[in-house]
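What follows is the residue order along each chain.
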Amino acid sequence: MNVVPNINRRTFVIGSAAVGGGLAIGFDLPFGGPVSAGATGNGPELGVWVVVKPDDSVVVRIARSEMGQGTITGLAQLVAEELECDWSKVSYEYPTPGQSVARKRAWGSYSTGGSRGIRESHEYVRQGGASARLMLLQAAANEWKVPVEQCSAANSVITGPGNRSTTFGKVAEAAAKLPVPDKPKLKDPKDWKIAGKPIKRFGIADKVTGKQVYGFDLTLPGMVNAAIKESPVFGGKVKSFDAAKVSGMKGVKKVMQVGDTAVAVVADTWWQAKTALDALPIVWDEGAHAKVSSETIAESLKAGLDAEQAFVGNQNGDIKAALAGAAKKVEAVYAYPYQNHVCMEPMNATARYTADKCEVWVPTQDGEASFAAVLAASGLPADKCEVYKLDLGGGFGRRGAFQDYVHQAVTIAKEMPGTPVKLLWSREEDMAQGRFHPVMQCKLVGALDKDNNLTGLHMRLSGQSILAAVRPQVVEQQKGRDPLVFQGVADSGEHAFGYTIPNLLVDHAMRNPHVPPGFWRGVNINQNCIFLECFMDELATAAGQDALEFRRKLLGKHPRNLAVLNAVAEQVGWGKPAPQGVFRGLSHMKAFGAYVAAAAEVSVTGNKIKVHRIVAATDPTYAVNPSQIDRQVAGSFVYGLSALFYQECTVKDGRIVELNFDSYDSMRIAQMPKVESIIMPAGGDGPWGGVGEPTICVAAPAVLNAYAAATGKRVRSFPLKNHNLELA
Amino acid sequence: MVRLTINGKPHDVDVDPSTPLLWAIRENVGLTGTKYGCGIAICGACTVHLDGVATRSCAMAVSDAVGKEITTIEGLAQNGTLHRVQQAWIAHEVPQCGYCQSGMIMAAAELLKNTPKPTDADIDNAITNICRCGTFQQVRAAIHAAANA
Ligand code: FES
Ligand code: FES
């Protein structure tokens, strides 16, 4: 049984690498340096996570970022649960990255990626809440001169022997002077009253009244605005630009080169800056890659499908012998394109620089990564830098490891000391300068014996490594291999392959085009789940077996994989007649520590595919806020199906062709299927799974399998618009 | 100088008349609830009401809005009471990141004004805003709830 995933050293490297924490943090920060910042909020601090004020209000510190996924609410629920406080009195604050540096990383990682916001910090934030409760209890016991064992806390009230009673706020001051208990015992999740409940997320009201201030909306006294254009060919540089042509335009304050690769215009308003930038003649030195196209990239990946050299990700038995001895061989080649994040709020950052201080306001998935960028770009020491995090208008992986916009904003602000500069990217700049979901091709060969049992599978991936570009030290440690490429098909860990196949080889021929890759919601499970789960259907068809039964036979050793698959099959009515004209497809995977499955119902009319319904199951071990999980599941399907049907970043002349929603469409409400999510946390002592990303991968293969069931046709390259197929 | 009437108040703004209404509202008037998402009238993030009609303000010159009643997300609540669409949005916890939601709400408010009890098909036709977070399931539920409020 494999209920508790095996955490070996390699999976730790993978995990850390994915988000830029721990081992492969990807930047250096002088933790414990000479910064003089104290506690953030006013009021008694009970450990680093909790402040209790005299009026009983509780402020929970949150290091991770909020972009609508609900992480701050979930983390606050976990702290409040252990604290035994009244939820209605809870608010939150972000300790700044500068404070984190000053306090030797007291709040741990700030990284909010890899679906790690909750699953990687739940233990220490719960301990933070429990420690604070113990301090409050001890303070009350001291005041009453009774043994602490006779005191208990509930709803922000402490009771003791002889009807004694006080509130958190009254003893907080005394409690703050007590030592912080180390590793307190945590509650059994069975006893949770606040965690595990569908509590309303923080911040909703401000988002429906226009009050929430995003990075795009920030205004500082005396602020100016900047628009920027970086070499559209990746690796290109600025050759020259004719500033005189635009420097007299209304509002324009400055026309400047930013680093080697970009030109910016600073003006009173952003519209003036952008108008001038559009009119500015810029000559680029396009560098070595100006002839690269999607076709040349595809050719190089294709060659990798049969290349000698490849890195092994997962292997057992003897795949060569199995294929040689097969009664029937099945073979298919799939291809997945570049994708862009296209966060609804384009990239931006606001910077104010003086020789004494550099401050940046930025929507970021990783406050520490932003801080490191401020340090690097400003040249100032840590005690003279600060980052103020703003809630994000979408992140999806674009705003974590990559802080190019922060670097740019500080570089511009340095030229105008004392003046705050707000740098906004146009949508076109945002899409030209993405950190793209990598391209990947995959050749799959399966061996069936004479009884149609699957005896062997070779899955050859050929394509781009994110880590080679972003965390080369990890790839170096692995002797050139990128372990992250095998997400969902790995030999163990949070992305373990679920099927038991006697002879298996998953390997990767690394082909790295010049297009900068990045972590895009779900990262490599997007393509791996399509490759594997569509091919499983192809194998089942070749074997003349039902797609569910074929999978079930191979999942005996992985009961949690089997459980989510069974759950969606049962709810969708697999094996029972579907409505007239409706066809079904399945898929499943283990990703980011969660077990996920989907069953889709589609109908096809001409070239139009209508996705009526998707039943989704997820087992993230524990569910901290079910209504938030529900929304993440449905939202992940919108993101994943938009990519499947419409989205591809085409490369032409070394640059990206699709620069706005006119050529890079996104699903609308009319196309939205009914999503039914089944949340089935298995509990137990094993690692928790993620929520924001895992389910994204199962929608596309379930829909593709349903389409094949409807038409007998297999589509193996994406997006579907390239095959004249539309989402109805 | 152009004179705009926004949420019932006149504003004289000193901009080039070709400036998109969106940027005049955001930068010159300082109402930042109306968002920029594409600048080419596709995503709907910049939706405002112009004489009651939901309009994408990013692709319209500010000069074309002169003399019209402009309502932005900040002006949707009346006398301190949130519009029923906003109330339904809170009850259904529609927003994720929230960035698209001003535009989504303005589109929904217009739909309910013209079609008090919209069908799913009415919603599909009227709401063409992009939401990268994928809140559509809650958007639909909240529109029906607001219609029945
Ligand atoms: S910003 Fe106006 S429609 Fe997108
Ligand atoms: S809520 Fe984030 S884009 Fe719609």
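Attention here is on the structure that accompanies the text. (Residues numbered from 1 in each chain as written. Chains lettered and ligands numbered in written order. Predicted model: local features only at pLDDT ≥ 70, side-chain atom pairs only at ≥ 80, totals over all residues. Heavy atoms only, no water.)

1. Quick notes on the pattern of salt bridges
All names here are of chain A. Under the criterion given, the structure shown has 45 salt bridges over all chains. The salt bridge partner of E494 is R116, with a shortest N-O separation of 3.3 Å. Here the residue E494 occupies a position in the loop between helix 14 (472-477) and strand 21 (503-510), and R116 occupies one in the loop between helix 3 (97-102) and helix 4 (122-144), the gap between them amounting to 378 residues. Given a relative accessible area of 3%, R116 falls into the buried group. Note that D242 and K245 form a salt bridge whose closest N and O atoms lie 3.3 Å from each other. Residue class for D242 comes out partly exposed when judged on its relative accessible area of 32%. The class of K245 is exposed, set by a relative accessible area of 58%. A single network of salt bridges, built from pairs that share partners, joins R584, E601, R613, K674 and E676. (Salt bridge = Lys/Arg side-chain N within 4 Å of Asp/Glu carboxyl O. Helix = DSSP H or I, 4+ residues; strand = E, 2+ residues; numbered from the N terminus. Buried < 20%, exposed > 50% of the residue type's maximum accessible area, 1.4 Å probe, protein only.)

2. A short note on the interface of chain B and chain A
Between chain B and chain A, the residue contacts involve 51 residues of the former and 57 residues of the latter. Both faces considered, chain B and chain A share a buried interface measuring about 4400 Å² in area, 57% of it formed by carbon and sulfur atoms. For the interface between chain B and chain A, the tally reads four salt bridges. Across the pair E93(B) and R201(A) runs a salt bridge whose closest N-O atoms are separated by 3.5 Å. At the boundary of chain B and chain A, one finds 27 residue pairs in polar contact (both at pLDDT 80 or more). Those elements that provide at least two residues to the side of chain B that touches chain A are helix 1 (21-29), helix 2 (84-91), helix 3 (101-114), helix 4 (120-126) and helix 5 (136-147) of chain B. (Contact = heavy atoms within 4.5 Å. Buried area = accessible area lost by both parts, 1.4 Å probe. Polar contact = N/O pair within 3.5 Å; in protein donor to acceptor, adjacent residues only side chain to side chain.)

3. Details of empty space enclosed by the protein
All names here are of chain A. According to the stated counting rule, one finds six cavities of 30 Å³ or more in the structure shown. Roughly 620 Å³ of internal volume is contained in the largest cavity. Lining of the largest cavity is provided by 41 residues; of these, M67, Q69, S115, G692 and E693 occupy positions nearest its centre. If you list the elements that add at least two residues to the lining of the largest cavity, you get helix 1 (9-19) and helix 18 (626-646). No other element matches helix 18, which puts three residues into the lining of the largest cavity. When grouped by side-chain class, the residues that make up the lining of the largest cavity number 16 nonpolar, 21 polar and four charged. As a volume, the second largest cavity reaches approximately 70 Å³. Secondary structure elements with two or more residues in the lining of the second largest cavity: helix 15 (525-543), helix 18 and helix 19 (696-711). A breakdown of the residues in the lining of the second largest cavity according to their chemical character gives nine nonpolar, two polar and no charged. (1 Å grid on protein atoms, 1.4 Å probe; cavity = no way out; pocket = protein on both sides within 12 Å on 5 of 7 lines; lining within 4 Å. Points joined across faces, edges and corners; volume = space filled by probe spheres on them. Nonpolar A, V, L, I, M, F, W, Y, C, P; charged D, E, K, R; others polar.)

4. Section: the state of the cysteines
All told, the structure shown has zero disulfides over all chains when counted by the stated rule. For the unlinked cysteine C649(A), the closest cysteine sulfur is that of C343(A), found at 13 Å. (Disulfide = S-S within 2.5 Å.)

5. Here we look at unusual backbone geometry
Residue and element names in this part refer to chain A. For the peptide bond that leads from F718 to P719, omega is 5°, which places it in the cis range. Its place among the elements puts P719 in the loop between helix 19 and strand 28 (726-727). Positive phi is not limited to glycine here, since K104 has a value of about 50°. Secondary-structure assignment places K104 in the loop between helix 3 and helix 4.

6. Examining the side chain of S370(A)
Here S370(A) is to be found in helix 10 (residues 367-378). When sequence neighbours within four positions are dropped, the list of residues in contact with S370(A) reads V362(A), T364(A), V387(A), Q403(A) and V406(A).

On their own, these measurements won't tell you what the molecule is for.
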